[in-house]
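The primary structure of each chain is shown beneath.
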Amino acid sequence: MWHLLKKMITRPEPPPAEADGEVMHFHDRGFTRTSHLTRSMGWRQSWSWNEVTAFGFTFTPAMFPDPWFGDYMESQWFFTVDDGERKEHIYFDVTWLDLDRLPPGLLDRMPDLDRDMLREGLQTAALGPRHFAGEGRWIGWQHAEPKPKRRKTAAPPRPPKLARRKPAAK
């Protein structure tokens, strides 16, 4: 009875708010970055491994300073992707990846990944959010650009023969 009375007097709890946080998924075909903002704006959320041209770590000043503490540095992972029309950088929070436990899908596609280079960036970022002198970008893997194929060169063209002028008749 008390339960029924309590239910009638109290207001229902509002539904939980949708998390606005970013979610990253790594799989065999590629990776997906999604959030409430990307879904509502209709932005692209998935990329295939074939489009990834670089992977790295960046430690840069935050775009928006903290209202109480001022400027600070941000750590982020990034992919550079090229879909044929344009290149873009996909940044995501440093907490999404552990350098010692990278997803198999990522490792399979980046066999020459330089973990020491990325570790150097992580160590620099570990000096703190006020270490402005540590700003940098560490690229751990970059797609090898295919070397242009050498064409067989033909012999250089011969200069055209000059036509001899006949002397004008008098």
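Here the structure is a predicted model, which means the values were calculated and not measured.

Chemist: Could you give me a rundown of the sheet that holds strand β2 (residues 30-34), with the residues and numbers involved?
Modeler: With antiparallel pairing, three strands are arranged side by side in an open sheet as β1-β2-β3. Both outer strands of the open sheet, β1 (23-26) and β3 (46-48), are each paired with one neighbouring strand and no more. Pairs of neighbouring strands in the sheet enclose a mean axial angle of 10°, with direction left out of account. Bridge analysis of β2 against β3 gives three bridges, and the strand direction is antiparallel. By the bridge assignment, F31 is partnered in β3 with W47.

Chemist: A description of the sheet that holds strand β4 (residues 52-61) should follow, citing residues and the corresponding values.
Modeler: Judged by pairing direction, the sheet is antiparallel, and its four strands sit side by side in the order β6-β5-β4-β7 without closing on themselves. The open sheet terminates on both sides in strands that have one partner only, identified here as β6 (87-93) and β7 (136-142). Averaged over all pairs of adjacent strands, the angle between strand axes in this sheet comes to 25°, irrespective of strand direction. Note that β4 and β7 share six bridges and pair antiparallel.

Chemist: Go over the packing of aromatic side chains with me, naming the residues and quoting the values.
Modeler: To describe a pair of aromatic rings, one takes the distance between the centres and the angle between the planes. Considering all chains together, one arrives at 13 aromatic pairs under this definition. With a centroid separation of 6.0 Å and 45° between ring planes, the pair formed by F31 and W49 is classed as tilted. Separated by 18 residues along the polypeptide, F31 in strand β2 and W49 in the loop between β3 and β4 bring together distant segments of the chain. You can call W49 buried: its relative accessible area is 6%.

How each quantity is defined
- Residues numbered from 1 in each chain as written.
- Predicted model: local features only at pLDDT ≥ 70, side-chain atom pairs only at ≥ 80, totals over all residues.
- Heavy atoms only, no water.
- Pairing = 2+ DSSP bridges.
- Helix = DSSP H or I, 4+ residues; strand = E, 2+ residues; numbered from the N terminus.
- Axes fitted to C-alpha atoms, helices over the stretch in contact; angles between N-to-C directions.
- Phe/Tyr/Trp six-rings, centres within 6.5 Å; stacked < 30°, edge-to-face > 60°.
- Buried < 20%, exposed > 50% of the residue type's maximum accessible area, 1.4 Å probe, protein only.

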